Amino acid sequence: MDSELRWLRRRCEDRLHDLDLPSPFDVNVFCESLAARRSRPILLCPMPMGRDVSGLCVAGPTVDFIFYEEQTAPLHQAQIKLHEACHIVCGHRPIELSEAEVSCLLFPDLRQEIVQRVLQRGSYSTVEEREAEILASLILDRAAGLRFQESKPLDEEAAHVLEKHRAALERQG
């Protein structure tokens, strides 16, 4: 493992110790707790995201938005929301939009220039993406010990997503 990855993992493990994870784990409750701790609301917004993007964290003037793919399995949605919330936990600068631009995002007929600006994701570096993904994977790993809110058996796609993140943790460890 390269030194940058070891450093990121240590940072994420330190952050994980400072987090109060709900038990049983529920990503929506986790986001509510994060919002309360920061005194800044976080709105979780499902929407069709397309092929290249499954989630976005957007800072509005008074509220943060986490947009996530609405047409995927619930466990994958939880991972997307958690990844985007981890950008907030890590202090990464989200895409900042004005009130008018946020309004355009929330409605179906989006202006093309705003869509392009959001999808460029110029705000996060590769290191920030890796850090958010590592922290999200560590949270999911710990949450597995806490029990997930939903007790239904995992479908094939959800089991694949969970296994992918466990394997990534093992490679990083």
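Summary of the structure given here.

**Brief notes about the overall build of the protein chain**
Along the protein chain, the regular secondary structure elements total seven helices and four strands. Tracing the protein chain from N to C terminus, the helices and strands come up as α-α-β-β-β-α-β-α-α-α-α. Every one of the 173 residues in the protein chain was classed for burial, and the buried ones make up 47%. For the protein chain, contacts bridging at least 24 residues in sequence account for 65% of all contacts bridging at least 6.

**A look at the pattern of salt bridges**
With the rule as written, the count across this model stands at six salt bridges. Close ionic contact of E4 with R130 constitutes a salt bridge, the shortest N to O distance being 3.1 Å. With E4 in helix α1 (residues 3-18) and R130 in helix α6 (residues 126-146), this pair connects stretches of sequence that are 126 residues apart. E4 gets classed as partly exposed once you look at its relative accessible area, which sits at 32%. R15 is the partner of E131 in a salt bridge, and the nearest nitrogen-oxygen pair spans 2.5 Å. Within this pair, whereas E131 is found in helix α6, its partner R15 is found in helix α1, the two being separated by 116 residues in sequence. When salt bridges with common partners are traced through the structure, they connect R11, R15 and E131 into a single cluster.

**As for the environment of F65**
In this structure, F65 sits in strand β3 (residues 64-69). Residues F65 and I42 lie 23 residues apart in sequence; the distance between their C-alpha atoms is 5.6 Å.

**Examining the state of the cysteines**
One pass over the structure, following the stated rule, counts zero disulfides. You can see C12 has no disulfide; the closest cysteine sulfur is in C90, sitting 5.2 Å from it. By relative accessible area, which is 0% here, C12 ends up buried.

**So, the sheet that holds strand β1 (residues 42-47)**
Paired through their backbone hydrogen bonds, the strands of a sheet run either parallel or antiparallel. Spatially, the four strands line up as an open sheet ordered β1-β3-β2-β4, and their pairing is mixed. Whereas interior strands pair on both sides, the edge strands pair on one side only; in this sheet they are β1 and β4 (95-96). Sheet topology note: the β1/β3 ladder contains six bridges and is parallel. For L44, the partnering residue across the bridge sits in β3 and is I66. Contacting β1 and β3, helix α2 (residues 27-38) runs over the sheet at an angle of about 145 degrees to β1. Where helix α3 (residues 74-89) meets the sheet, its contacts fall on β1, β2 (55-59) and β3, and the angle it forms with β3 comes to roughly 150 degrees.

**Observations concerning unusual backbone geometry**
Of the consecutive residues S23 and P24, the connecting peptide bond is found in the cis state with omega at 0 degrees. Structurally, P24 is set in the loop between α1 and α2. A positive phi angle, close to 55 degrees, is found at S39, a residue other than glycine.

**Let's talk about the nonpolar core**
The biggest cluster of nonpolar side chains holds 30 residues, and the ones touching the most others in it are L21, F25, F30, L82, C86, L135 and I139. Among the secondary structure elements, those contributing two or more residues to this core are α1, α2, α3 and α6. Considering each element in turn, this core owes the most residues, eight residues, to α6. Counting residues in hydrophobic clusters, the runner-up holds eleven residues, among them M47, V58, F65 and L97.

**Let's talk about the pairing of β3**
For β3, the buried fraction is high: six of the six residues fall into the buried class. Taking every second residue as pointing to the same face, both faces of β3 are buried, with D64, I66 and Y68 on one and F65, F67 and E69 on the other. Judged from the five bridges that link them, β2 and β3 form a sheet pairing that is antiparallel. Across the sheet, the residue bridging to A59 is D64, located in β3. Count of turn residues in the β2/β3 antiparallel hairpin: four residues.

Rules used in this analysis
Residues numbered from 1 in each chain as written. Predicted model: local features only at pLDDT ≥ 70, side-chain atom pairs only at ≥ 80, totals over all residues. Heavy atoms only, no water. Helix = DSSP H or I, 4+ residues; strand = E, 2+ residues; numbered from the N terminus. Buried < 20%, exposed > 50% of the residue type's maximum accessible area, 1.4 Å probe, protein only. Contact = heavy atoms within 4.5 Å. Salt bridge = Lys/Arg side-chain N within 4 Å of Asp/Glu carboxyl O. Disulfide = S-S within 2.5 Å. Pairing = 2+ DSSP bridges. Axes fitted to C-alpha atoms, helices over the stretch in contact; angles between N-to-C directions. Core = buried A, V, L, I, M, F, W, Y, C linked by side-chain atoms within 4.5 Å.

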